[in-house]
Amino acid sequence: MIVNYFSELAHTPVRAVIINCNTRWVTTLALLSALRHAGVPILFIDCESTDGSWDWFIKLSQKHEFDLIKAPLRAHGITLDNLFRDIPAGQVLLIDSDLEILSSEISATLIHAAAAAETYGAGFLHAGELIHGGRRDDHLPASANGFYMERMWIPFTCLNVAPVRAALAAGLTFMHSRDYLEFAGSLLVSKALYARHRLPIIKNLELKWLQRFRQQAATPGNAYGQVLSPAFREYDTGAQLHEYFQHSKKLKFADFGMDVCASTVKHYHGITRATLSPGRGNATSPDSILHEVMRRLDDEYGIG
């Protein structure tokens, strides 16, 4: 069924959501795998695609049961904020448009675990890690000692709507953000110091003497034991909410481990980013996986 607003959807205990933008074939694989393995109603959201996605998925909806809605093309975090504010569901199972579910058991396991008391969601944790030598960003040198904050692995996670909605109302967001901590006395100076990592001539300046001036309070290193005082903290999509739930609300996240993740889902990683911004790092080129995706669609779902 095509809807214009989330409020037109029937309330359901759990709803799976797939967000598409110009990645028709890999999203088709995600959708068909969800129809086979998720076991819950599915909402397909199209964000201003120009590759024929909308007509294609309307055609698919005549053979398979799922709902469709159009949404503006915005940053992923903003789209998720809007979704959780309005969707009539008790839980949302987020499924990336470039992810294939390989097991029916994993979907049911996540949904059941997320419903436990004192729990805000379930899935797989993307552990916090030191940003060093370009590990998280190829533009940053070894001297850029930042910290990538722990978060739920957004490509496949089940979240309880009520606590997320309350957090959004309190001013939290799924949006990515960064804390600048290199010079505790001034945010402006901290931002200016961070900017040196983007400048070819001075990006490798270590400036170790600055470490004594870094902001010490509530640094992730003290919690995770990896870096005492990072120069900055990176909050990827959902990381801010994860920190808020765990430390302010004392809510747990049921983590099944990345080894289980690797055996139950296939993630192509960053296909939408690479489609919208070709040549970007940390994203898989759509052309590099198209043959594999089409083979999977043909072998598993009869779409050639």
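Predicted, not measured: the structure shown is a model, and the values here were computed from it.

Peer 1: Mind laying out the overall build of the chain, listing which residues take part and the relevant values?
Peer 2: Along the backbone of the chain there are eleven helices and 15 strands. Each of the 304 residues in the chain was classed as buried or not, and the buried ones make up 52%. Of the contacts formed within the chain by residues at least 6 apart in sequence, a portion of 75% connects residues at least 24 apart. By element, 54% of the accessible surface of the chain is carried by carbon and sulfur atoms, the whole surface being about 14,200 Å².

Peer 1: For helix 6 (residues 187–195), give the residues involved together with the corresponding values.
Peer 2: Of all the residues in helix 6, the buried ones are Ser 190, Leu 193 and Tyr 194. Along helix 6, the residues classed as buried sweep out an arc of 100 degrees about the axis, all on the same side. For helix 6, exposure combined with an orientation more than 90 degrees from the buried face picks out Leu 188 and Ala 192. The inward-facing, buried residues of helix 6 contact strand 12 (177–180) and strand 13 (232–235).

Peer 1: How would you sum up the pattern of salt bridges? Please name residues and give values.
Peer 2: By the definition in use, this model includes eight salt bridges. As a salt-bridge pair, Arg 296 and Glu 100 come within 2.6 Å of each other at their nearest N and O atoms. Of this pair, Arg 296 sits in helix 11 (residues 286–301) while Glu 100 is found in strand 5 (residues 99–101), placing the two residues 196 residues apart along the sequence. As far as burial versus exposure is concerned, Arg 296 and Glu 100 are alike and both buried. Here Glu 300 makes a salt bridge to Arg 296, at a shortest N to O gap of 3.6 Å. Pair noted here: Glu 300 and Arg 296 are both in helix 11, with a separation of four residues, about one helical turn. You can call Glu 300 partly exposed: its relative accessible area is 32%. One network of salt bridges, in which partners are shared, links Arg 36, Glu 100, Arg 296 and Glu 300.

Peer 1: Could you give me a rundown of the packing of helix 5 (residues 161–169) against helix 8 (residues 239–248), with the residues and numbers involved?
Peer 2: The interhelical angle for the contact between helix 5 and helix 8, taken along N-to-C directions, is 105 degrees, at an axis separation of 11 Å. The orientation of helix 5 with respect to helix 8, classified from their angle, is roughly perpendicular. Along the contact surface, helix 5 presents Pro 163, Val 164 and Ala 167, while helix 8 presents Leu 241, Tyr 244 and Phe 245. Tallied by class, the residues present in the contact of helix 5 with helix 8 amount to six nonpolar, no polar and no charged.

Peer 1: Tell me what's going on with unusual backbone geometry, and back it up with residues and numbers.
Peer 2: We note that Asn 22 has phi near 65 degrees; this positive angle belongs to a residue other than glycine. Residue placement: Asn 22 occurs in the loop between strand 1 (12–20) and helix 1 (24–37). Even without being glycine, Glu 118 reaches a positive phi, approximately 65 degrees. Examined against the element boundaries, Glu 118 turns out to sit in the loop between helix 4 (104–114) and strand 6 (119–123).

Peer 1: Can you explain the nonpolar core? Please cite residues and give values.
Peer 2: Counting residues in hydrophobic clusters, the biggest one holds 42 residues, and the most contacted among them are Leu 93, Ile 95 and Phe 156. Counting residues per element, this core draws most heavily on helix 1, which supplies six residues. Contacts of Phe 156, omitting those with residues within four sequence positions, involve Leu 93, Leu 94, Ile 95, Leu 99, Ile 101, Ile 106, Ser 107, Leu 110, Gly 123, Phe 124 and Val 265. The next biggest cluster of nonpolar side chains, apart from the first, holds 34 residues, and it includes Ile 19, Cys 21, Phe 84 and Leu 125.

Peer 1: Describe the packing of aromatic side chains, with residues and values.
Peer 2: Enumeration over the complete set of coordinates arrives at seven aromatic pairs. Within the aromatic cluster, the residues linked to one another by ring pairs are Tyr 120, Tyr 244, Phe 245 and Phe 253.

Peer 1: How would you sum up the pairing of strand 4 (residues 89–95)? Please name residues and give values.
Peer 2: Taken across its seven residues, strand 4 has six buried, putting it largely inside the fold. One ladder, built from five bridges, connects strand 1 with strand 4; its direction is parallel. Residue Val 17 lies in a different strand from strand 4, and its bridge partner there is Leu 94. Where strand 4 and strand 11 (residues 156–160) come together, five bridges link them in antiparallel fashion. The partner of Val 92 across the bridge, within strand 11, is Leu 159.

So, how was this worked out
- Residues numbered from 1 in each chain as written.
- Predicted model: local features only at pLDDT ≥ 70, side-chain atom pairs only at ≥ 80, totals over all residues.
- Heavy atoms only, no water.
- Helix = DSSP H or I, 4+ residues; strand = E, 2+ residues; numbered from the N terminus.
- Buried < 20%, exposed > 50% of the residue type's maximum accessible area, 1.4 Å probe, protein only.
- Contact = heavy atoms within 4.5 Å.
- Areas by Shrake-Rupley, 256 points an atom, 1.4 Å probe, with all protein chains shown as cover.
- Arc of directions from axis to C-beta.
- Salt bridge = Lys/Arg side-chain N within 4 Å of Asp/Glu carboxyl O.
- Axes fitted to C-alpha atoms, helices over the stretch in contact; angles between N-to-C directions.
- Parallel < 35°, antiparallel > 145°, perpendicular 65-115°, else oblique.
- Nonpolar A, V, L, I, M, F, W, Y, C, P; charged D, E, K, R; others polar.
- Core = buried A, V, L, I, M, F, W, Y, C linked by side-chain atoms within 4.5 Å.
- Phe/Tyr/Trp six-rings, centres within 6.5 Å; stacked < 30°, edge-to-face > 60°.
- Pairing = 2+ DSSP bridges.

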